[in-house]
Amino acid sequence: MMKHVFGKSARVSALVSLLVVSILSGCTGNGEKPAASVNDAEKNMPVTVKVFKSHMGVGTIPGKDNEHVKYVEEKTGVVYELMTTAPGSEPTEFLNLMIASDDLPDILRPIGGIEQTLIKQGGALALDDLLPKYAPNVWKNIPEEAWDIVRSASPDGHIYYVPKVFLVPERAPMIRQDWLDKVGLSVPKTTEEYKEVLRAFRDKDPNGNGKADELPTSGREFGKWMDHLFGMYGVAMWEGVPEWDIYEGEIQYAGVTKNMKAAIAYIRELYEEKLLDNETFLNKGDVWQAKINNNLVGSWYHLPANLRERYTAMLKGAPDAYVVGMPVPKAEGFEGFVTQKSMGEPEWMIPTAAKDKAEYSLKLLDFFYDQSNDEFIRFGIEGQQHEVVNGKKVILPPEDSRPIALGMRNLTTKEDMDVRIKETIPEDMQKMVQDVFAVSTSDARRIAGDGLPNTVYEGFPDIQSHKLFQEYLTKIVIGEWPIEKFEEFVDRWNKAGGEAVTKRVQEWYAKVKE
Amino acid sequence: MANTQDHLEPGSTRVSTGRFNLMENRYLVNMRKYWMLYVMILPGIIYYLVFKYLPLAGSVIAFQDYQIFKGILSSSWVGLDNFKFIFTYEDFYLVLRNTATIALYQLVFGFPAPIILALLFNEVRLMLAKRVMQSLFYLPHFLSWVVVGGIVFELLSSQGVFNMMRGWFGQETILFMQEQQYFRAIVVISGIWKDVGWGTIIYLAAIAGINPSLYEAAVMDGANRWKQTIHITLPTMFPTILVLFLLNIGNFLELGFDQIYNLLTPMTYSVGDIIETYVYRAGVLQGQYSVTTAIGLFQSVIGFVLLWIFNRMARKTEQGLW
Amino acid sequence: MRKTTGDQLFQFFNYAFLIAAAATMLLPLLQLLAVSFSSPIAADSKQVFLLPVEFTTASWSHILQNTGLWRSFGITVYITVAGTLLSMLFSVLTAYPLSHKQFLIRKPIMLGIIITMIFNAPMIPFFLTVRELGMMNSLWSLIFPGVIGTFNMIIIRTFFTGIPKELDDSARIDGCNEAGILFRIYMPLSKPVIATVSLFYAVGYWNTFQRAVLFIRDPEKWPLQTKLRAYLTSPEELAAVNLVLGDYDFNTTTLKAATILFATIPIVLVYPYLQKYFVKGSMLGSLKE
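Calculation notes
- Residues numbered from 1 in each chain as written.
- Chains lettered and ligands numbered in written order.
- Predicted model: local features only at pLDDT ≥ 70, side-chain atom pairs only at ≥ 80, totals over all residues.
- Helix = DSSP H or I, 4+ residues; strand = E, 2+ residues; numbered from the N terminus.
- Rg over C-alpha atoms; globule rule 2.2 N^0.38 Å.
- Buried ≥ 20, exposed ≤ 12 C-beta atoms within 10 Å, placed from the backbone.
- Contact = placed C-beta atoms within 7 Å.
- Domains from an automatic or database assignment.
- Nonpolar A, V, L, I, M, F, W, Y, C, P; charged D, E, K, R; others polar.
- Axes fitted to C-alpha atoms, helices over the stretch in contact; angles between N-to-C directions.
- Parallel < 35°, antiparallel > 145°, perpendicular 65-115°, else oblique.
- Left-handed = near helix turned anticlockwise from the far one by under 90°.
- UniProt positions renumbered as here; feature names shortened; annotations may be inferred.
- Pairing = 2+ DSSP bridges.
- Core = buried A, V, L, I, M, F, W, Y, C linked by C-beta atoms within 7 Å.

Draft legend 1. Representation of the overall build of chain A. Within chain A, the secondary structure is distributed over 21 helices and 18 strands. Over its C-alpha atoms chain A spans a radius of gyration of 26 Å, differing by no more than 12% from the 24 Å that the globule rule assigns to 514 residues. For the C-alpha atoms alone, the extent of chain A along its principal axes is close to 75 × 65 × 65 Å. Evaluated residue by residue, chain A yields a buried proportion of 49% over its 514 residues. A fraction of 74% describes how many contacts in chain A between residues 6 or more apart in sequence connect residues 24 or more apart.

Draft legend 2. Quick peek at the domain arrangement of chain A. Residues and elements named next belong to chain A. You can read the domains of chain A as domain 1 (32-167 + 344-412) and domain 2 (172-341 + 437-450 + 459-513). For domain 1 versus domain 2, the distance between C-alpha centres works out to 35 Å. Across the contact, 4 residues belong to domain 1 and 4 residues belong to domain 2. Sort the elements by how many residues they give to the side of domain 1 that touches domain 2 and helix α8 (residues 144-152) lands first, with 3 residues. Its residues placed into classes, the side of domain 1 that touches domain 2 shows 1 nonpolar, 2 polar and 1 charged.

Draft legend 3. Expanded view of the packing of helix α10 (residues 180-208) of chain B against helix α12 (residues 225-250) of chain B. Residues and elements named next belong to chain B. It is at 9 Å that the axes of α10 and α12 come closest, and there the two elements cross at 125°. What the angle tells us is that α10 and α12 run oblique. As for the relative orientation of α10 and α12, their crossing is right-handed in sense. Residues I202, Y203, A206 and I207 of α10 touch α12, and the partners they reach there are T233, T236, M237 and T240. Residue classes in the contact of α10 with α12 are distributed as 5 nonpolar, 3 polar and no charged.

Draft legend 4. Layout of the UniProt feature "transmembrane region" (unreviewed entry) in chain B. Residues and elements named next belong to chain B. The residues that UniProt annotates with the feature "transmembrane region" (unreviewed entry) are residues 34-51, 102-121, 142-162, 182-208, 229-249 and 289-310. A helix fraction of 100% and a strand fraction of 0% characterise residues 182-208, whose end C-alpha atoms lie 38 Å from each other. With 100% helix and 0% strand, the stretch residues 229-249 has end C-alpha atoms that lie 26 Å from each other.

Draft legend 5. Broad picture of the pairing of strand β10 (residues 250-253) of chain A. All names here are of chain A. The pairing of strand β9 (residues 244-247) with β10 spans 4 bridges and is antiparallel. Across the sheet, the residue bridging to I246 is I251, located in β10. Here β9 folds back onto β10 in antiparallel fashion, the turn holding 2 residues, of which E248 has a positive phi close to 50°.

Draft legend 6. Seen up close, the nonpolar core. Grouped together as the largest cluster of nonpolar side chains are 189 residues, with contacts concentrated most on Y80 and L365 of chain A together with I156 of chain C. For this core, the leading source of residues is α10 of chain B, giving 11 residues. Non-local contacts of Y80 of chain A, meaning those with residues more than four positions away in its chain, are made with V49, V51, V69, V72, L364 and L406 of chain A. Judged by nonpolar contacts, the second largest core, of 92 residues, contains L229 and F469 of chain A together with I63 and A257 of chain C.

Draft legend 7. Spotlight on the interface of chain B and chain C. Chain B puts 66 residues into the contact, and the matching count from chain C is 63 residues. Only α1 (21-33), α2 (35-57), α6 (112-123), α7 (127-137), α10, α11 (212-220), α12 and α16 (289-317) of chain B provide two or more residues apiece to the side of chain B that touches chain C. No other element matches α2 of chain B, which puts 15 residues into the side of chain B that touches chain C. Within the side of chain B that touches chain C, the residues separate by chemical class into 44 nonpolar, 18 polar and 4 charged.

So, in structure tokens, the structure goes:
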């Protein structure tokens, strides 16, 4: 036994010296590695491209012989090799480790600002010329406007990544039509009417259980998912986080505008009258969802595409439940809207080190943006991604034992959304969901800060995490602090780095406008 | 080094010829005689060198503007800039104060809890009851803080047990989670609830080593349960308690990110924002590895100084860690 | 033996307190159990307390039929058993010299070890170390980088220090060498602490998560806790893209409950089994007197 331990340790100690060197040097990063498989390509062999995408959920990683991989290979000559993060890992950290150990894939989906790290340090490949040549479908399906935003996010004006494009608003203010009917009111048109409706919800027992347990409107912790209350005052909000938009002629942080102050004052009144769930800032996701499911909430803000499960649960307790989209109520002196972020978020990029394979990586990407492949991309292979029930293809739920299928397209148009609703929502709910979308679409506006690179926050973690904003928002709304404290917040925010960040954002915006 | 002669043990046999000989000989003689002890510890030493000290050397990035793409060798040196960045962070003192306060509470209330529980278990005479209860007490340790956090929020909500009971007495609902005066108590109590049974195991093992005849003799002398506890049980546990206390002190400023993160709301930032939550914002969200490493070093130095002081004190009574 | 009223009163309150507290520790798991047998809608609507609502075994049959989960289970059992054995060996071998005055360099070494407990290595260098050792994607990466838990090793050392050194001497006279003393005398005397520390190690290995996330790229080698996260982290916002049509009697909430239990129950059962060693170690005290 001793001998064994000893032998092992001798080997280990020999490694130590090697280790010291390699750890100190880390990686040289931009050293280009010769890509062996390119030679294969010359012999007309399929090229293997390593694709990194995080959050793939449950399922096995498809091997070379997987039918999905084979099908894609047949069409493109490229074998994809999927790399993903383990569930529960921090994807940003995972990518950072990949960079640190010089282990980058051939094409990757950057997360958490990693694209800027690569661009700044010369690790990202400029795609301006390659895209039209090897990925014509990507090039023409993504609107020119989105490419301009991508150009503005790099110091030298090149295209370093393929952006995500989402041309329909994903989120919508919703309200219970059956509750409105019960209290004898119609969909509110102004903030005052909205208040009236909420009061009626609170007092007139619209869920009919004899208890005053209604929560007229509700949101989630950190002020998430109550964007409708901010939107009325023209505040650009994205899941409870203030965005950048034009205020008083200039691009600014929506969190420090007078619109925000008015919105907070209004929300504070709602809270005081118990029109806003008094536990709104304590609601974890599952608690909030349960409240909606159990017919306790009258008006909320969420993704209409997710309505199905909520609605099915509501029907159990309230057979005549019906949900409609609520047009943003008009606030005196403000221009309300539903915040829409459509483009600019990085979706795919190619590391410089994988330059030799870029052609194939882009060909693979192009396959997914080619509309003639839509059917395959959505449903995949029978028995793995879908099954046929009554002659209709039905997507299977993800499962550990089934292989994951790669999807690379992140471009959603109105048509895509219509198709998706038809496929994922039961027929008797389709009209309801489409109507909700129609209402929010007519109120939606793309904000000026759409596509802003997060490098503007560098060195100011508290500005980026919106910590200061959240603290003031919640404490003012629950009545612990007076609304006058808002001025103090603006002041502190500016001093804590907000001013510097604003300057960077304005410089960026000037570049976009060019 | 030249004065080694002063430290010579009286029993040394050899006469010094060179300056270091005696020193060397003493160790050499010892090594020759107890060579097996040195062989035994070798795997352990190699483990610590390879998996602890080698990566620990990477802490030099605290003095660099570390860029992952470049690696340690190519990143530029910035001296104490990262430390300056931390100490000039406007909320640094708030964060430090919150951390130290919660740490102190945990030490005062959380540390003795498993000791007391172990003593209570020791008084349970029914073997089966004792075993079943011990096994139940250690269950919450296996729940993650996400799950426990959810339970805490639910218990303290307007529909939760506590507000229900307040309702019986006609008292108003309190939303405990958004009132900062309750935050620290919630952290300490939930921490005890989750880990007290787990922490007890080690003391129970210590108590298990006590010979029952000691208690019998004490009973003969007329000592009641309380006296037996004070004079037999506690003294046997003492070395374990001391070691655990010292190890606790060494990690004084490390509270554990998961618990606080899962209990914190923006309304309790002013009392609950701690070093780890700041590191999360700066490190994970912004990838500032140099800054987070610098913070880690700062925490460790404080912990080490505290440990040094307490270890000196411990050595006067029993024995220290080293 | 005579019992005073004070004693009886104390006994009563002691039992009352311990039983009440133990009950609070059982409830969350009972609730998880109930949720795992309930319908998804009831679970999502938080209608389940301690009894299942709209009873269904769908979640459990989904999980138990899941070969991937069983493979992860096997991996976790493997690293738990192998890891605990290796860890105990390494720890005992390290603790023994450190508990002996004859080992002259024990103080500096002890200090050196304590330092690693207080000063944590930054993640990237740690990752690179393991990677350079060629352990990426190998189950060894889940064992060796933490094979000695310093805390556990010190606990063992504390117990070893308490063993009277006269025993060493008499054993030496009988012709034992150091290894003989350790395995023939120290180990049998330290059963409670060996059991305790083995439990600590076993639970640690069973809960392996962070290291798997860092070092295991191949999902086929993920341990149970990593698999479990797949159900725990299901950002509903992603569901908008991945929505699935079809009626199932389970969803992420019920699957999550079932998986937590699946991953917890086996390790929880280890402790009652080990408890018997806690009453058998009475020899140590007798020697001390």
